[in-house]
Amino acid sequence: MLEVTRRESASERLWEAERDRAPIEPLTDAYPGIDVVDAYEIQLINIRRRLAAGARVYGHKVGLSSAVMQRMMGVDEPDYGHLLDTMVLSQNVPIRADRYCYPRIEVEIGYVLGASLPGEGCTEEDVLAATEYVVPGIELIDSRVRDWRIRLADTIADNASSAGVILGDARMSPADLKAAGMDVADIEAVLYAGDAEVARGNTNAVLGNPTTAVAWLARKVASFGVKLEAGHVILPGSCTRAIDARPGDIFRAEFSGLGSVTARFE
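Residues numbered from 1 in each chain as written. Predicted model: local features only at pLDDT ≥ 70, side-chain atom pairs only at ≥ 80, totals over all residues. Heavy atoms only, no water.

Draft legend 1. Molecular detail of the sheet that holds strand 7 (residues 188–193). Spatial strand order, 8-7-11-12: four strands in an open sheet with antiparallel pairing. In this open sheet, the two strands that pair with only one neighbour each are strand 8 (196–202) and strand 12 (259–264). The average undirected angle you get between the axes of adjacent strands in this sheet is 15°. Of the pairings in the sheet, the one linking strand 7 to strand 8 comprises six bridges and is antiparallel in character. (Pairing = 2+ DSSP bridges. Helix = DSSP H or I, 4+ residues; strand = E, 2+ residues; numbered from the N terminus. Axes fitted to C-alpha atoms, helices over the stretch in contact; angles between N-to-C directions.)

Draft legend 2. Up close: the side chain of Gln-43. Mapped onto the elements of the fold, Gln-43 is located in helix 3 (residues 36–52). Since its relative accessible area comes to 2%, Gln-43 is described here as buried. Polar side-chain contacts of Gln-43 include one of 2.8 Å to the backbone oxygen of Ile-156. (Buried < 20%, exposed > 50% of the residue type's maximum accessible area, 1.4 Å probe, protein only. Polar contact = N/O pair within 3.5 Å; in protein donor to acceptor, adjacent residues only side chain to side chain.)

Draft legend 3. Fine view of the pairing of strand 2 (residues 79–84). The buried count for strand 2 comes to six of six residues, which makes it a mostly enclosed element. Note: strand 1 (residues 57–63) against strand 2, six bridges, orientation antiparallel. Paired with Val-57 across the strands is Leu-84, a residue of strand 2.

Draft legend 4. Quick peek at the packing of aromatic side chains. This model, assessed by the stated rule, comprises four aromatic pairs. Taken together, a centroid distance of 4.8 Å and an interplanar angle of 20° make the contact between Tyr-40 and Tyr-80 stacked. Within this pair, whereas Tyr-40 is found in helix 3, its partner Tyr-80 is found in strand 2, the two being separated by 40 residues in sequence. For the pair shown, Tyr-40 and Tyr-80 are each scored as buried. With centroids separated by 5.3 Å and ring planes inclined at 55°, the aromatic side chains of Tyr-40 and Phe-224 adopt a geometry described as tilted. Remark: Phe-224 occurs in the loop between helix 8 (210–222) and strand 9 (233–235) and Tyr-40 occurs in helix 3; sequence separation between them is 184 residues. Under the relative-accessibility criterion, Tyr-40 is labelled buried at 3%. Taken together, Tyr-40, Tyr-80 and Phe-224 form an aromatic cluster joined through their ring pairs. (Phe/Tyr/Trp six-rings, centres within 6.5 Å; stacked < 30°, edge-to-face > 60°.)

Draft legend 5. Just the environment of Val-88, in detail. You can see Val-88 is positioned in strand 3 (residues 88–89). In this structure the C-alpha to C-alpha distance between Val-88 and Val-112, which are 24 residues apart in sequence, comes to 14 Å. Residues in contact with Val-88, not counting those within four places in the same chain, are Tyr-58 and Val-165. (Contact = heavy atoms within 4.5 Å.)

Draft legend 6. Region of interest: the pairing of strand 5 (residues 131–141). The buried count for strand 5 comes to nine of 11 residues, which makes it a mostly enclosed element. Inspection of the sheet shows strand 4 (residues 104–113) paired to strand 5 by 10 bridges, in the antiparallel sense. Within strand 5, the residue paired with Glu-106 across the bridge is Glu-139. For strand 5 and strand 6 (residues 162–167), the ladder comprises five bridges, and the chain directions are antiparallel. Along strand 6, the bridge assignment pairs Ile-141 with Ser-162.

So this is what it looks like as structure tokens:
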């Protein structure tokens, strides 16, 4: 556990690293003893700083939602970060890769809430009842830690490595999915770079069911006095591996029965 002044020092390092696009050494090296509680508090310091500057909470993202990533990090539950309106990107406007340190993309569906979720005790049924629609998405991730040499506390403190979100145009409610014979826990996704397939996955890679990840998130953030509210976009986790993004790359993620989303980099 770190003292408050050490948390503030760590948050300042991350803030400057993102502002200057100058990656830092891992916080877990620079601040021995840093734990998960410290990391979430460091994340919140910088989120509050952005909100004070005029940003709004757009939603949240779940990270480490696959068994592979949890084993890699030595944890038994996901982590989470904030999505702000300043992080929303367009399919129609190229993304400047030089705005980021080490940009990568991940393929995942998004849940757009039509009603707020309960906190403690939130179930998958609650999530589906509150979801206005599901949408194809690409998350842009980045690390302000040099060469992605992150441990759990590093990525949590760094807002779960969040950087941006791009949503496709398709919209399907849980009822629409069911009527079409689709299961949100079994949607195939293929990522293309240009015309070449570069990754393939299924939404069942996200805790077996991405709705499970959203319910977990609602319960988790409630312990910090946070609620997932109507209008929020929730990214439950990637169903493919992360892919590096470079200037000139054009990615298209196609979700079976749900549509597609494109991210262009310059």
